[in-house]
Amino acid sequence: MSVTTASSSRAAPAYTGAMIFIDPPYWPAHGTMFSHLISDTSVSELHDFATANGVSRRAFDLDHYDVPQRLYEKLLAAGATPISGKDLARTLVASGLRIRAKYRVKSVGSVLEMRWRALLPDQPKLGADLLARWSEPHRHYHSPTHLLAVLEALDQLTGRTVPRPVALAAWFHDAVYNGTAADEENSAVLAQACLEAVVSVDEAGEVARLVRLTAAHAPEAADDAGHLLCDADLAVLGGSPGAYSRYLVSVRQEYAHVPADDFVKGRAAVLRRLLALEPLFHTPRGRNLWDAQARVNLAQELAQLSQK
């Protein structure tokens, strides 16, 4: 994103929320030039600013908006701070909101395809079918990005020696997602039906059992495989403030059909349940990696919801 520095002689912006930054319209596409619009603090506030100023949500690309040249002056007047493309890129990285290239849609799919081939190389169709499920258009959080994050969290917990039933359970744990209480059970049933002809009956049953654990994230004390899967699934809770902000935005998008008051009530109940889990993370490695930050993130979110 290296471009020339924008002029700094403009009046101070009137916008008083999170800092919003924009680089000059330098990037050609669709017969015009485009700028990038970012926040250094909050994806949610970036969305609010963009929406209030006529930037289509379709222009959002995971961590920034691509905005046409015709909106540049309007966004400056509304409070966006002009900076160079190079400084904008640095600001986004420093904010913790930057999405790494492998987590972008096309890259995620390629990475997951490679992982599936390593897991069950003789079952390409099953892998493709699962990836299609994870890529359904109504998913915002329970998407291929979440699947990859869970698989990478399992790598962190095990030093890349993930037991195959646990890895398969990660692939199936949200394979059915409709935002209902039946999703985990339906995903478990799907896992057993798909795998009984591929792996042993015992392994297929173990995968289904593990998938069911993700409904409550409360495995038995001696359930090492369950500990791994549940910790990996909840690793997002222990992310950096920027990563947690992205998580909250994507969760709200999945429940966009739910009125604000009902969402706040339901979300607060989820947060209280998570904070009451003892332990929240079951493996020593998971506690070391994510527990402290997760409790901070959950408590702060709950406090913010209580003010709404």
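Residues numbered from 1 in each chain as written. Predicted model: local features only at pLDDT ≥ 70, side-chain atom pairs only at ≥ 80, totals over all residues. Heavy atoms only, no water.

### Quick word on the nonpolar core
Residues Phe172 and Leu195 are the most contacted members of the largest nonpolar core, which totals 63 residues. When near neighbours in sequence (up to four residues on either side) are disregarded, Phe172 contacts Leu126, Leu130, Ser187, Leu190, Ala191, Cys194, Leu195, Val207 and Val211. Residues Leu46, Phe49, Val67 and Leu76 belong to the second largest nonpolar core, which totals 15 residues. (Core = buried A, V, L, I, M, F, W, Y, C linked by side-chain atoms within 4.5 Å. Buried < 20%, exposed > 50% of the residue type's maximum accessible area, 1.4 Å probe, protein only. Contact = heavy atoms within 4.5 Å.)

### Here's the deal with unusual backbone geometry
With glycine set apart, most residues show a phi of negative sign, and most peptide bonds adopt trans. The peptide bond linking Glu278 to Pro279 adopts the cis configuration, its omega dihedral lying at 5 degrees. If you trace the backbone, Pro279 turns up in the loop between helix 12 (260-276) and helix 13 (284-306). Non-glycine residue Arg160 carries a positive phi angle of around 65 degrees. (Helix = DSSP H or I, 4+ residues; strand = E, 2+ residues; numbered from the N terminus.)

### Some points on the confidence of the model for the protein chain
In low-pLDDT segments, the atomic positions of the prediction should not be examined closely. A residue-level look at the protein chain finds 92% of positions with pLDDT of 70 or above and a mean pLDDT of 89. Note on residues 1-16: pLDDT is under 50 here. Beyond four places in sequence and across chains, it has 38 contacts. (pLDDT = per-residue confidence, 0-100.)

### Concerning the packing of helix 6 (residues 144-158) against helix 7 (residues 164-172)
Orientation of helix 6 relative to helix 7, taken along the N-to-C sense of each, is 160 degrees, at an axis distance of 9 Å. Relative to helix 7, helix 6 is oriented roughly antiparallel. Remark: the crossing between helix 6 and helix 7 carries right-handed chirality. Contacts between helix 6 and helix 7 involve Leu147, Val150, Leu151 and Leu154 from the first element and Val166, Ala167, Ala170 and Trp171 from the second. Looking at the contact of helix 6 with helix 7 residue by residue, the class counts come to eight nonpolar, no polar and no charged. (Axes fitted to C-alpha atoms, helices over the stretch in contact; angles between N-to-C directions. Parallel < 35°, antiparallel > 145°, perpendicular 65-115°, else oblique. Left-handed = near helix turned anticlockwise from the far one by under 90°. Nonpolar A, V, L, I, M, F, W, Y, C, P; charged D, E, K, R; others polar.)

### What to know about the environment of Thr180
On the secondary structure map, Thr180 appears in the loop between helix 7 and helix 8 (183-195). Residue classification places Thr180 among the partly exposed residues on the basis of a relative accessible area of 41%. In this structure the C-alpha to C-alpha distance between Thr180 and Ser35, which are 145 residues apart in sequence, comes to 39 Å.

### So, helix 8
Between the first and last C-alpha of helix 8 there are 18 Å, a value that for 13 residues agrees with the 18 Å anticipated at 1.5 Å per step. Every buried residue belonging to helix 8 is among Asp183, Glu184, Ser187, Ala188, Leu190, Ala191 and Leu195, and all of these are buried. The buried side chains of helix 8 occupy one side of the element, clustering within an arc of 160 degrees when seen end-on. (Expected span 1.5 Å × (residues − 1). Arc of directions from axis to C-beta.)

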